[in-house]
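Structural features, examined
Here's the letter readout for the chains.
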Amino acid sequence: MHAFKLHPIAIVLIAFLVVIAGAAAIFSSRNESQAAPAVAPAKPALTVTSTRPEQTRLPIRLSANGNVMAWQEAIIGSESNGLRLTQVLVNVGDTVQAGQLLARFSSDSVQADVAQARASLVEAQATAQDSAANAARARTLQNSGALSTQQINQYNTAEQTAQARVAAAQAVLDAQQVRGSHTQVLAPDNGIISARSATVGAVVGAGTELFRLIRGGRLEWRAEVTSSELGRISTGTTATVVAASGAELQGRVRMIAPTVDPQTRTALVYVDLPSSLGKNMPAKAGMFARGEFDLGSSRALTVPQPAVVVRDGFNYVFQLSPDQRVSQLKVQTGRLAGDRVEITSGLPTDARIVVKGAGFLNDGDLVRVVEDIEPKQAPAPASPALPASN
């Protein structure tokens, strides 16, 4: 048999086909290796929790600043003139009762004047008795002709003059006794001594201030409110006052000033604070205090505070889409109530937003939601929270 021999051209063609097949196999394997990552599932950027906005009622409050002052401060002065102060029985901060003895002046000279006035009264009374007896005898002789009409009139006049001298002497004695009562300085009302200028041994004149007294221990907060906000407050409105010491007091509006300061355009609102007689009063007269007026409540859309992210001075929340990607929404915030914040604009009421982990997200990130946080009632004292509306 003749051996089978390939033509040289056939050999070249076979070699060419083998090379092409190998190149095609290599190119196909490279394409498969490059296309494999594209079909792999994307990994979430962060694990987060989510919730929906909640409709609730939040208190409406108006903030103001002002000073804590005494409701009324009584000035206790000297009613005597030229007497020496011998005793001072109270000091600043002492609680006193109405009629309590605060200080005492020397009464030696006053007692001497009282004794002299009493003696003058006794003398005038004796003279009046004698004049009355003489006038009575003269009147019995009026029809007998033993005394003239002129003499009888003189006896009657002497009687009336003596009676007038008795009245004058009695008035002098009363005045000296009143002056004697002025040697004792008494408290005009219950309260707390807020200032003392009385010094033992001093000789003071009438009208000199000795003490100042906070009547009844009552304090008030004089809040400064702008004229544009003044109409929102009325008598009886409750207020929460926080003093500089940190003490928190509950008060009520007693009066609103009838005028507005033309320089600052503010008016004073007088808020009565609870009375507390004693040195351990939570607020002191003269303290600066800030406070809030309770103006009722209103309906609000709220979200948890961690859901709000502050960036570049603006507030944002991240809304979840059905494909678990987030979109950044710019919102406007309002009041705070516990751990929730009011959203005034920029957020749909039925949106699903990220809570935990919101501060680490960017617009368009893919996330994994582990749980939904059920809306809870915000701690608003005005009224209980309402369920979220869809």
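No experiment lies behind these values; they were computed from the predicted model shown. (Residues numbered from 1 in each chain as written. Predicted model: local features only at pLDDT ≥ 70, side-chain atom pairs only at ≥ 80, totals over all residues. Heavy atoms only, no water.)

Secondary structure summary: the protein chain contains three helices and 21 strands in total. For the protein chain, the proportion of its 390 residues judged to be buried stands at 32%. Counted over contacts in the protein chain with a minimum sequence separation of 6, partners at least 24 positions apart contribute 77%. Roughly 22,800 Å² of accessible area belongs to the protein chain as shown, and the carbon and sulfur atoms make up 53% of that amount. (Helix = DSSP H or I, 4+ residues; strand = E, 2+ residues; numbered from the N terminus. Buried < 20%, exposed > 50% of the residue type's maximum accessible area, 1.4 Å probe, protein only. Contact = heavy atoms within 4.5 Å. Areas by Shrake-Rupley, 256 points an atom, 1.4 Å probe, with all protein chains shown as cover.)

The next point concerns the pattern of salt bridges. Applying the stated criterion across every chain, the model contains 11 salt bridges. Where E73 meets R212, a salt bridge forms, and the shortest distance between an N and an O atom there is 3.5 Å. With a gap of 139 residues between them, E73 in strand β3 (residues 73–77) and R212 in strand β10 (residues 209–215) connect regions that are remote in the sequence. Judged by its relative accessible area of 38%, E73 is partly exposed. Salt-bridge contacts for R215 lead to D189; the nearest nitrogen and oxygen are separated by 3.0 Å. Remark: D189 occurs in the loop between β7 (184–186) and β8 (191–196) and R215 occurs in strand β10; sequence separation between them is 26 residues. Overlapping salt bridges, with partners in common, bring together R218, E220, R222, R254 and D272 in one network. (Salt bridge = Lys/Arg side-chain N within 4 Å of Asp/Glu carboxyl O.)

Further remarks concern the confidence of the model for the protein chain. Averaged over every residue, the pLDDT of the protein chain is 83; residues scoring 70 or more account for 83%. Ranking the helices and strands of the protein chain by mean pLDDT puts strand β14 (residues 266–272) first, with 95, and helix α1 (residues 8–35) last, with 60. Note on residues 35–39: pLDDT under 50 across the span, and zero contacts to partners over four residues away in sequence or across chains. Low pLDDT (under 50) marks residues 377–390, which in the prediction has 37 contacts with non-local residues, meaning those over four places away or in another chain. (pLDDT = per-residue confidence, 0-100.)

Quick look at unusual backbone geometry now. Positive phi, normally seen in glycine, also occurs at R265, with a value near 60°. Following the sequence through the fold, R265 ends up in the loop between β13 (248–256) and β14. Judged by relative accessible area, which is 53%, R265 ranks as exposed. Phi is positive for D312, which is not a glycine, with a value near 55°. The class of D312 is exposed, set by a relative accessible area of 75%.

Next up on the list: the nonpolar core. In terms of nonpolar packing, the biggest core is built from 28 residues, with V96, L102, F105, V185 and F211 touching the most fellow members. Elements represented by at least two residues in this core include exactly β3, β4 (83–88), β6 (101–105), α2 (108–140), α3 (149–181) and β10. Element by element, the count of residues in this core is highest for α2, at six residues. When neighbours within four sequence positions are excluded, L102 is seen to be in contact with I76, V88, L89, V90, V96, V185, L186, A187 and F211. Residues I192, I214, L219 and A239 belong to the second largest nonpolar core, which totals 26 residues. (Core = buried A, V, L, I, M, F, W, Y, C linked by side-chain atoms within 4.5 Å.)

As enumerated under the stated definition, the model contains one aromatic pair in all. Taking the centre distance of 5.6 Å and the plane angle of 25° together, the rings of W221 and F293 count as stacked. Taken together, the positions of W221 in strand β11 (residues 219–226) and F293 in strand β15 (residues 288–304) put the pair 72 residues apart, joining distant regions of the chain. The burial state of W221 is the same as that of F293; both residues are buried. Here R218 stacks its cationic end above the ring of W71, 3.8 Å away from the centre of that ring. (Phe/Tyr/Trp six-rings, centres within 6.5 Å; stacked < 30°, edge-to-face > 60°. Lys NZ or Arg CZ within 6 Å of the ring centre and 35° of its normal.)

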